[in-house]
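# Fold and contact review
Each chain is listed here by its residues.
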Amino acid sequence: MLPSLKEVIAVLVLGLESSCDETAAAVLVDGRRVLGEAVASQADFFAEFGGVVPELAGRNHAAKILPVVREAMSRAGVNYADLDGIAVTSGPGLTGALLVGLNFGKALALGLNIPYVGVNHLAAHLQVTLLAENAPEPPFVGLLVSGGHTALYEVRDGRDNFPELLRFRLLGETVDDAAGEAYDKVGRLLGVPYPAGAVLDGWAGSFSGKMESFPRPMPRGLNFSFSGLKTAVVRRVKELKGADDTPLDETTCHAVAAGFQQAAIETLANKALAACKATGLRKIVIGGGVAANRGLRELLTRQSAAAGVTAFFAPMEFCTDNAVMIAARGYQLLRAEKSASSDLEASPNMELGVEA
Ligand code: KG4
Ligand code: ZN
């Protein structure tokens, strides 16, 4: 039987993240205060591939996990013996990638005789928004926008004595591409290496000319669709390049990026506010890599205010994949005595609301 966290006053949790192309570790006190963290990104490695190659991601995680954990521990200034629990991403994600962090965490926890828990990566992206200074109290609408997912949730507090252990009910999701995926595909078309979101955001933000115009994809209800928008961009870029395939100049690339971004963020903002209307909730919380988008932050903040809704974004540094969010969510799960058994497995298709 593993020891319980109940009696510990200041709880130190080590979080591990390895679901895609970031190997990350973080040590948090009481699921809130970050003592130390480290992230090794494989983005540069995969830039030339135009996206993540699952087999290679797994190998890279295996090479990086120990140095990254050591770095986070050393920045935190704590010893392994000081840890009270370990939280690992158990899904969704790439199987081979997930297994590296999961098995490392499991082995470490068993060696230290402390509890460990599997964390849903999607839940963690939204849970981390509670670390912001002006964090909202549930219930609220949660908009998760990342490279692998785009979805809306009704988010409620945990029952009993665990108000910060967020619970989720799916309201709508993308029927094809995720928003971040669309950014990366459009980026590739414009010669921007993977992951392209931040660069396109920068181009769109500084563009003051006449932007290209693209359709706003609005599927039924609270679902999203981004593949039609991406196809419209592909078609327009082909047209602009002409029969002789002339490369686009910088201004034209920026006009395309600005037009694409405008269509993407208007869709996101529109659906997010529709979710508030449908649920009667007046707060919306946005997490995931695309939550770092400055255009989206500005537009959604403005449109929300006009609709009497308050928008809260994940702290900028915790939008893209990190282990702080895993430790923050894991702490809440461990407090609620939801530690995993030694047969915890990777769940590549894990849905939100399912954690072990
Ligand atoms: O959450 P994340 O790190 O990984 C997944 O869980 O998928 O999100 C990565 C995605 C990439 O597609 C990247 O292009 C996008 O987030 N991204 C952005 C921005 N920063 C990162 N997209 C738009 N604007 C940004 N500023
Ligand atoms: Zn993510």
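Coordinates for the structure precede this section.
One structure accompanies this document, and this report is about it.

Attention now goes to the overall build of the protein. Helix and strand counts for the protein stand at 10 helices and 10 strands. Computed over C-alpha atoms, the radius of gyration of the protein comes to 21 Å, within 12% of the 21 Å expected from 2.2 N^0.38 for 356 residues, which places it in the range of a compact globule. Dimensions of the protein, computed from the C-alpha atoms along their principal axes, are close to 70 × 45 × 30 Å. Among the 356 residues that make up the protein, the fraction classed as buried is 53%. Look at the contacts in the protein between residues 6 or more apart in sequence, and 73% of them connect residues 24 or more apart. Charged side chains in the protein number 32 positive and 39 negative. The centres of these two groups are separated by 6 Å.

Each packed pair of helices is defined by two parameters, the angle between the axes and the distance between the axes. For the pair helix H8 (residues 250-279) and helix H9 (residues 294-306), the least separation of the axes is 10 Å and the interaxial angle reads 40°. Judged by the angle between their axes, H8 and H9 are oblique. Remark: the crossing between H8 and H9 carries right-handed chirality. On H9, the residues that touch Gln-261, Ile-265, Glu-266, Leu-268, Ala-269, Ala-272 and Leu-273 of H8 are Gly-295, Leu-296, Leu-299, Leu-300, Gln-303 and Ser-304. Here the contact of H8 with H9 is composed, by residue class, of eight nonpolar, four polar and one charged.

Glancing now at the site of ligand 1. In the neighbourhood of ligand 1, 21 residues make up the surrounding shell, with Gly-147, Asp-184, Gly-289, Asn-293 and Asp-321 lying closest. Note that an oxygen atom of ligand 1 is positioned 3.0 Å from one of the backbone N or O atoms of Gly-289. When the free accessible area of ligand 1 is taken as 550 Å², the share hidden by the protein chains comes to 89%. Of all the secondary structure elements, the ones that give two or more residues to the shell around ligand 1 are helix H4 (121-127), helix H5 (179-189) and helix H6 (197-206). Taken together, the residues of the shell around ligand 1 break down into seven nonpolar, 11 polar and three charged.

A word on the environment of Asp-82. Here Asp-82 is to be found in the loop between helix H2 (54-76) and strand S4 (85-91). A relative accessible area of 35% means that Asp-82 is categorised as partly exposed. In this structure, the C-alpha to C-alpha distance between Asp-82 and Leu-35, residues 47 residues apart in sequence, is 12 Å. Here the side chain of Asp-82 touches Asn-79 through a polar contact of 2.8 Å, landing on its backbone nitrogen.

Moving on, we get to the nonpolar core. With 70 residues, the main nonpolar core has Leu-143, Leu-190, Leu-200, Phe-260, Ile-284, Ile-286 and Leu-300 as its most contacted residues. With 13 residues, the single largest contributor to this core is H8. Beyond its immediate sequence surroundings of up to four residues, Leu-300 is in contact with Leu-143, Ala-269, Ala-272, Leu-273, Ile-286, Ala-311 and Phe-313. Core analysis: the second largest hydrophobic core is formed by 28 residues, Ala-25, Met-73, Val-78 and Val-88 among them.

In this section: the coordination of the zinc ion (ligand 2). Coordination sphere of the zinc ion (ligand 2), protein contribution only: His-121 (NE2), His-125 (NE2) and Asp-321 (OD), at 2.0 to 2.1 Å. Mapped onto the sequence, the donors of the zinc ion (ligand 2) take the spacing H-x3-H-x195-D. With His-121 and His-125 both in helix H4, this residue pair falls four residues apart, about one helical turn. Across the pair, exposure class does not vary: His-121 and His-125 are buried alike.

A separate point is H5. Listed in full, the buried residues belonging to H5 are Ala-179, Gly-180, Ala-182, Tyr-183, Asp-184, Val-186 and Gly-187. In the core, the buried residues of H5 are packed alongside strand S6 (140-145), strand S7 (150-156), H6, helix H7 (227-241) and H8. One or two steps after H5, the chain reaches Gly-191, where phi turns positive at roughly 80°.

With that settled, the discussion passes to the packing of aromatic side chains. This model, assessed by the stated rule, comprises six aromatic pairs. With centroids separated by 5.8 Å and ring planes inclined at 65°, the aromatic side chains of Phe-46 and Phe-49 adopt a geometry described as edge-to-face. Overall, Phe-46 belongs to the buried group, its relative accessible area being 0%. Accessibility expressed as a relative area gives 37% for Phe-49, which makes it partly exposed. With centroids separated by 6.2 Å and ring planes inclined at 15°, the aromatic side chains of Phe-224 and Phe-226 adopt a geometry described as stacked. The same class applies to Phe-224 and to Phe-226, which are both buried. By way of ring pairs, the aromatic residues Phe-45, Phe-46 and Phe-49 are connected into one cluster.

Rules behind the numbers
Residues numbered from 1 in each chain as written. Chains lettered and ligands numbered in written order. Predicted model: local features only at pLDDT ≥ 70, side-chain atom pairs only at ≥ 80, totals over all residues. Heavy atoms only, no water. Helix = DSSP H or I, 4+ residues; strand = E, 2+ residues; numbered from the N terminus. Rg over C-alpha atoms; globule rule 2.2 N^0.38 Å. Buried < 20%, exposed > 50% of the residue type's maximum accessible area, 1.4 Å probe, protein only. Contact = heavy atoms within 4.5 Å. Lys, Arg positive; Asp, Glu negative; His and termini not counted. Charge placed at Lys NZ, Arg CZ, Asp CG, Glu CD. Axes fitted to C-alpha atoms, helices over the stretch in contact; angles between N-to-C directions. Parallel < 35°, antiparallel > 145°, perpendicular 65-115°, else oblique. Left-handed = near helix turned anticlockwise from the far one by under 90°. Nonpolar A, V, L, I, M, F, W, Y, C, P; charged D, E, K, R; others polar. Near = heavy atom within 4 Å. Polar contact = N/O pair within 3.5 Å; in protein donor to acceptor, adjacent residues only side chain to side chain. Areas by Shrake-Rupley, 256 points an atom, 1.4 Å probe, with all protein chains shown as cover. Core = buried A, V, L, I, M, F, W, Y, C linked by side-chain atoms within 4.5 Å. Donors = N, O, S within 2.8 Å, 3.2 Å for Na, K, Ca; no water. Phe/Tyr/Trp six-rings, centres within 6.5 Å; stacked < 30°, edge-to-face > 60°.

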